[in-house]
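Residues per chain are reported as follows:
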Amino acid sequence: MALPPQLKSIQHHLRTAQEHEKRDPVVAYYCRLYAMQTGMKLDSKTPECRKFLVKLMDQLETMKKELSDSESISQEIVGNAHIENYAIKMFLYADNEDRSGRFHKNMIKSFYTASLLFDVLSVFGELSEENIQHRKYARWKATYIHNCLKNGETPQAGPIGMEGEAYDDEYDTDAGASFQPLQPPQPSQPSFPTADTGGVPPSNFSNIHIPPGAHAPANTPAEVPPTTGEAVKPVPVPRSIPAVDPSLLNTNQQGEVRLTPEDYTRAQKYCKYAGSALQYEDVGTAVQNLQKALKLLTTGKE
């Protein structure tokens, strides 16, 4: 069933769902959930849009039953951690390639897909300021590097601070493009805007925060299959485990600390993030999140 022109802005989120159908069904599910929620806001009244969205709802119900044993589907806080972890993995893989001066379609797509997954996080509530910045930076980087390579220019590696107009989040897509939500994943590349940026980044992202030593190796789930004829060599990155804060060792909760329900929720969230990180054997991220939870529970402060 063709994607109605009125819903073209969810096209890439649906394509990302296709690409993760078998690789990570949880990512596919939440991408479609985001697409459905966004589509309902865009146009749920015209017959073609209503028909498309009903079909998408049916698909979501089927997926929910198939994934009923997954905590990432049954518990929202676990699902949130799963998608955020996956998005950050993709972002850090692309950022590591970018800072190392390795520019290729695989890293461009990783940046762009990460930006789409930061969109998807909005199904769980408002995005954090950090994730908003990561989303904007990833989408801008994907566009900037894509245009540089297209024009035969060498992109400038890493964050660059430049004054200029704010980045435009609107992506050009074919309004009448046919889209099949139920098709198997296709190894297609996302289409990027062709507006000339003049080879210069339009916004100031020099203050973007990237955790030191947190770059994901190329063989993490962040990697997108390389395009035909363009091999991407894995980049081995030594695992660095952050030092444990000595003040958190052998510490009992201080007597005067009174934790609010929000504190318990945040602590639970950090523990879920740690568990999700361990699924990807990311010890560093797991330790950092467990330390945050321990500090919050023992001091009442983050």
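Note that the coordinates shown come from a computational prediction; the quantities given were computed from them, not determined experimentally. (Residues numbered from 1 in each chain as written. Predicted model: local features only at pLDDT ≥ 70, side-chain atom pairs only at ≥ 80, totals over all residues. Heavy atoms only, no water.)

Sorry, what's going on with the overall build of the protein chain here?
Along the backbone of the protein chain there are nine helices and zero strands. Across the 302 residues in the protein chain, those meeting the buried criterion constitute 46%. A fraction of 77% describes how many contacts in the protein chain between residues 6 or more apart in sequence connect residues 24 or more apart. Surface exposure of the protein chain reaches about 15,600 Å², of which carbon and sulfur atoms provide 52%. (Helix = DSSP H or I, 4+ residues; strand = E, 2+ residues; numbered from the N terminus. Buried < 20%, exposed > 50% of the residue type's maximum accessible area, 1.4 Å probe, protein only. Contact = heavy atoms within 4.5 Å. Areas by Shrake-Rupley, 256 points an atom, 1.4 Å probe, with all protein chains shown as cover.)

What's the story with the nonpolar core in this structure? I'm lost.
Within soluble globular proteins, side chains that are nonpolar tend to cluster in buried spots. Residues Tyr29, Tyr30, Ile83, Phe91, Phe111 and Leu117 are the most contacted members of the largest nonpolar core, which totals 50 residues. Those elements that place two or more of their residues in this core are α1 (11–19), α2 (25–42), α3 (47–66), α5 (76–99), α6 (105–120) and α7 (129–150). Here the element with the most residues in this core is α2; it accounts for ten residues. Three or more residues apiece are contributed to this core by two domains, here domain 1 (5–74) and domain 2 (76–151). Among residues more than four places away in sequence, those in contact with Leu117 are Thr16, Val27, Cys31, Ile83, Tyr86, Ala87 and Met90. (Core = buried A, V, L, I, M, F, W, Y, C linked by side-chain atoms within 4.5 Å. Domains from an automatic or database assignment.)

I'm lost on the pattern of salt bridges in this one. Help?
A side chain of one charge can pair with a side chain of the opposite charge when the charged atoms of the two come close. One pass over the structure, following the stated rule, counts seven salt bridges. The salt bridge involving Arg32 is made with Glu21; its shortest N-O contact spans 2.7 Å. Within this pair, whereas Arg32 is found in helix α2, its partner Glu21 is found in the loop between α1 and α2, the two being separated by eleven residues in sequence. Overall, the relative accessible area of 0% leaves Arg32 in the buried class. A relative accessible area of 24% means that Glu21 is categorised as partly exposed. Residues Asp95 and Arg99 are paired through a salt bridge, measuring 2.6 Å at the closest nitrogen-oxygen approach. Here Arg99 and Asp95 lie together in helix α5, a separation of four residues that amounts to about one turn. Judged by relative accessible area, Arg99 falls into the partly exposed class, the value being 38%. One connected set of salt bridges, linked through shared partners, spans Asp119, Arg135 and Arg139. (Salt bridge = Lys/Arg side-chain N within 4 Å of Asp/Glu carboxyl O.)

Even after reading the chapter, I still don't get the packing of aromatic side chains, so can you show me in this structure?
The geometry of an aromatic ring pair is captured by two quantities: the separation of the ring centres and the angle between the planes. Evaluation of the coordinates by the stated rule reveals seven aromatic pairs. Seen in terms of ring centroids, Phe91 and Phe111 are 5.8 Å apart; in terms of plane orientation they differ by 80°. Their pairing is edge-to-face. Of this pair, Phe91 sits in helix α5 while Phe111 sits in helix α6; the two residues are 20 residues apart in sequence, bridging distant segments of the chain. Relative accessible area serves as the criterion here: at 1%, Phe91 is assigned to the buried category. (Phe/Tyr/Trp six-rings, centres within 6.5 Å; stacked < 30°, edge-to-face > 60°.)

Honestly, α6 in this entry has me stumped. Any pointers?
Residues spaced three or four apart along an α-helix point in a common direction, a consequence of the helix completing one turn every 3.6 residues. Taking 1.5 Å as the rise per residue, α6 with 16 residues should run 22 Å; its terminal C-alpha atoms sit 22 Å apart, in good agreement. Taken across its 16 residues, α6 has 15 buried, putting it largely inside the fold. (Expected span 1.5 Å × (residues − 1).)

How do you make sense of the packing of α1 against α2 when you look at a structure like this?
For any two helices packed against each other, one specifies the crossing angle of their axes together with the interaxial distance. At a minimum axis distance of 8 Å, the contact between α1 and α2 shows a crossing angle of 160°. By the angle class used here, α1 and α2 are roughly antiparallel. For the element pair α1 and α2, the recorded crossing hand is left-handed. The segment α1 lies against α2, with His13, Leu14, Thr16, Ala17 and Gln18 engaging Ala28, Cys31, Arg32, Tyr34 and Ala35. Among the residues forming the contact of α1 with α2, the class breakdown is six nonpolar, three polar and one charged. (Axes fitted to C-alpha atoms, helices over the stretch in contact; angles between N-to-C directions. Parallel < 35°, antiparallel > 145°, perpendicular 65-115°, else oblique. Left-handed = near helix turned anticlockwise from the far one by under 90°. Nonpolar A, V, L, I, M, F, W, Y, C, P; charged D, E, K, R; others polar.)

Whenever I open this one, the packing of α1 against α6 confuses me. Can you help?
Contact geometry of α1 with α6 gives a least axis separation of 10 Å together with a crossing angle of 105°. As judged from the angle between their axes, α1 and α6 are roughly perpendicular. Contacts from His12, His13, Thr16 and Glu19 in α1 reach Lys109, Tyr112, Thr113, Leu116, Leu117, Asp119 and Val120 in α6. Here the contact of α1 with α6 is composed, by residue class, of four nonpolar, four polar and three charged.

When you look at α1 in this model, what are you seeing that I'm missing?
Counting buried residues along α1, nine of its nine residues qualify, which places the element largely inside the surrounding structure. Among all positions in α1, only Gln11, His12, His13, Leu14, Arg15, Thr16, Ala17, Gln18 and Glu19 are buried. Summarising the contacts, the buried residues of α1 are in contact with α2, α3 and α6.

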